[in-house]
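# Secondary and tertiary structure notes
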Amino acid sequence: MTEKVALIGSGNWGSAVAKIVGGNVQKFDHFQNEVKMWVFEEQVDGQNLTEIINTKHENVKYLPGIKLPENIVACPDLIKTCEDATMLVFVVPHQFVASVCKQLKGKISPKCKAISLIKGVDVEENDNGFRLITDMIQDSLGIRACMLSGANIATEVAEERFCETTIGYRNREDGELFEAIFHTPTFRVNIVEDVVGVELCGALKNIIAIGGGLVDGLKLGDNTKAAIIRIGLYEMRKFAKMFYADVRDETFFESCGVADLVTTCAGGRNRKVAEAHVTTGKSFDQLEKEMLGGQKLQGTSTAKDMYGILSKKGLCKEFPLMTTIYRICYEDLPPIRIVEDI
Ligand code: NAD
Ligand code: 13P
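In this text the structure is predicted, and so the values were computed from the model without any measurement.

## Comments concerning the site of ligand 1
Looking at ligand 1, there are 24 residues lining it, with Asn12, Trp13, Ala154, Lys296 and Gln298 nearest. A distance of 2.8 Å separates an oxygen atom of ligand 1 from a polar backbone atom of Asn12. At 2.9 Å, a backbone N or O of Trp13 approaches an oxygen atom of ligand 1. About the coverage of ligand 1: the protein hides 90% of its 840 Å² of free accessible area. The class makeup of the residues in the shell around ligand 1 is 12 nonpolar, eight polar and four charged.

Structure below.
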């Protein structure tokens, strides 16, 4: 049987991975050539973004300057994008996954396999207080889900500068199948049997990235940044183990762990906006609109989600860095408290 891949999402990262996946499916006989990509339709200079992508083969809004392979077909209809697919790649900002899953319920093949590239969690009234995105996909659509996460700033990946990434799997065959559509000589995939560890690393590092930006804005220097990264890694591991005892220590040494934390505290959007929050005094919401051109900040909302869980469970004192970052983002705490309160 040949596999048919569909991409759900077409932002900065979605478009960068479209370039990789579109290229890779052409290399192997067991993948169909065409890859549909769901685009949340919008107008760019009076034209539909889908039409621009399908004629110029470039996502001029979210990944300008990078040519996409011609077998990537932008589609504004989510159901049409996915109805004949056997492999689904979820790559929308985390706040939109619930609505995507709701629309897809009952509309996809039960034989589909999924992978999430999304860094975030879903707030949920269960024992943990949150649900993993891979669990949300599995539970709502009845299909297995892997997770891909790593030190992967989209533009650098799209420019084919060497980096690594991590795929977490429950079923090794699924892990290897997804490895085939993502691995390239400049985007090196390592697969590990730890979906939860890979996913929590990706979600939690976005909170710590805000911390990295705050210390940059405060001009505290490299030693302070390294301290934030170290404490951040410690809290990420502690949180993951507290909620999921099976998460592996080795996962934190993969690209999805320490490497993503380093890259995101050096060059990510969360870092950039947090630095501007210190230097301008503007709110994160306003800066997201002014600085990101439609791209979405994931760290502030994840900080809020995690703070909700920590405070409900009386755990704030055990996670001082994540708690302080939340308070700076949402309770007008002066940014300098990032080093005073941890
Ligand atoms: P983005 O922030 O660049 O773009 C936002 C996207 O959301 C756009 O495609 C926009 O059309 C879409 N959108 C807006 N409103 C919507 C709605 N109501 N419903 C559905 N979609 C809507 O997106 P991205 O960078 O591709 O991020 C997707 C995920 O990938 C995130 O979880 C992010 O953390 C993760 N990620 C990003 C990078 C990166 O460097 N950009 C790298 C690795 C992982
Ligand atoms: P930002 O969302 O902060 O840009 O991080 C991108 C990323 O996840 C790099 O691995």
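## Some thoughts on the sheet that holds strand S1 (residues 5-8)
With respect to topology, eight strands assemble into an open sheet ordered S5-S2-S1-S6-S7-S10-S11-S12, the strand pairing being mixed. The open sheet has two free edges, formed respectively by strand S5 (72-75) and strand S12 (187-192), since each of these has just one partner strand. Across the sheet, the axes of successive neighbouring strands diverge by a mean angle of 25°, strand direction being ignored. Across six bridges, strand S11 (residues 163-168) lies against S12 in parallel orientation. Residue pairing in the sheet places Cys163 in a bridge with Phe187 of S12. Packing against the sheet, helix H4 (residues 97-104) makes contact with S1, strand S2 (35-38) and strand S6 (87-90), and its axis sits at approximately 155° to S6. Contacting S1, S6, strand S7 (113-116), strand S10 (144-149), S11 and S12, helix H7 (residues 172-182) crosses the sheet at an angle of about 175° to S12.

## Some details on the site of ligand 2
Looking at ligand 2, the residues that line it are Lys119, Gly150, Ala151, Asn152, Ile153, Lys205, Asp260, Thr264, Gly268, Arg269 and Asn270. Contact distances for ligand 2 include 2.8 Å between an oxygen atom and a side-chain N or O atom of Lys205. Measuring from an oxygen atom of ligand 2, one finds a side-chain N or O atom of Asp260 at 2.7 Å. Here ligand 2 loses 92% of its free accessible area of 310 Å² to cover by the protein chains. Those elements giving two or more residues to the shell around ligand 2 turn out to be helix H10 (255-267) and helix H11 (269-280). In terms of residue class, the shell around ligand 2 is built from two nonpolar, five polar and four charged.

## Quick notes on the pairing of S1
Burial along S1 is two-sided: the residues Val5 and Leu7 and Ala6 and Ile8 are all buried. With four bridges connecting them, S1 and S6 associate as parallel partners. The residue of S6 that forms the bridge with Ala6 is Leu88. Chirality of the crossover, the property in question, places the unit of S1, helix H1 (residues 12-25) and S2 among those that are right-handed.

## Quick look at the UniProt feature "binding site: NAD(+)" (unreviewed entry) in the chain
Here, UniProt's "binding site: NAD(+)" (unreviewed entry) annotation points to Gly9, Ser10, Gly11, Asn12, Trp13, Gly14, Phe40, Phe96, Ala154, Arg269, Lys296 and Gln298. Given the relative accessible area of 24%, Gly11 is considered partly exposed. Residues within four places of Gly11 in sequence aside, it is in contact with Asn59 and Tyr62. Inspection of the secondary structure assignment puts Asn12 in helix H1. What makes Asn12 buried here is its relative accessible area of 13%. Those residues in contact with Asn12 that lie beyond four places of it in its chain are Tyr62, Leu63, Ala154, Thr155, Arg269 and Gln295.

## Examining the UniProt feature "binding site: substrate" (unreviewed entry) in the chain
Taken from the UniProt record, the annotation "binding site: substrate" (unreviewed entry) applies to Lys119, Arg269 and Asn270. Spanning 152 residues, the named residues nonetheless gather at one spot, since no C-alpha pair among them exceeds 13.0 Å. For Lys119, the position within the fold is in the loop between S7 and strand S8 (121-123). Excluding anything up to four places from it in sequence, Lys119 contacts His94, Ser149, Gly150, Gly202, Ala203, Lys205, Asn206, Asp260 and Gln298. Within polar-contact distance, the side chain of Lys119 engages the backbone oxygen of Gly150 at 3.0 Å. Inspection of the secondary structure puts Asn270 in helix H11. By relative accessible area, which is 7% here, Asn270 ends up buried.

Each value, and the rule that gives it
- Here the residue index of a chain counts from 1 through its sequence in written order.
- Lettering of chains starts at A and numbering of ligands starts at 1, both following the order in which they are written.
- Whole-chain, interface and lining totals are the exception, using all residues; otherwise, since this is a predicted model, local features are given only for residues with pLDDT of at least 70 and side-chain atom pairs are given and counted only at 80 or more.
- Calculated side-chain values reflect all of the structure's heavy atoms, with hydrogen atoms and water omitted.
- A cutoff of 4 Å decides nearness: a residue is near a molecule or strand if any of its heavy atoms lies inside that distance of it.
- Whenever two N or O atoms come within 3.5 Å, that pair is a polar contact, provided that in protein one can donate a hydrogen and the other can accept it, and provided that, for residues adjacent in sequence, both atoms are side-chain atoms.
- Each accessible area is a Shrake-Rupley estimate made with a 1.4 Å probe; only the visible protein chains count as cover when residues are assessed.
- Charged residues are taken to be Asp, Glu, Lys and Arg, nonpolar residues to be Ala, Val, Leu, Ile, Met, Phe, Trp, Tyr, Cys and Pro, and polar residues to be all remaining types, Gly included.
- The rule for pairing is simple: two strands pair if DSSP sees at least two bridges between them.
- Helix numbers and strand numbers start at the N terminus; a helix is a DSSP run of H or I with at least 4 residues, a strand a run of E with at least 2.
- To obtain an axis, a line is fitted to C-alpha atoms, over the contacting stretch when the element is a helix, and the angle between two such axes runs from 0 to 180 degrees between their N-to-C directions.
- What makes two residues a contact is simply this: any of their non-hydrogen atoms within 4.5 Å.
- Working definition: with a 1.4 Å probe on protein chains only, accessible area under 20% of the residue-type maximum means buried, over 50% means exposed, and in between means partly exposed.
- Orient the strands so they point away from the viewer; a crossover is then right-handed if the path from the first strand over the helix to the second runs clockwise.
- UniProt positions are given in the numbering used here, feature names are shortened, and annotations may be inferred rather than shown by experiment.

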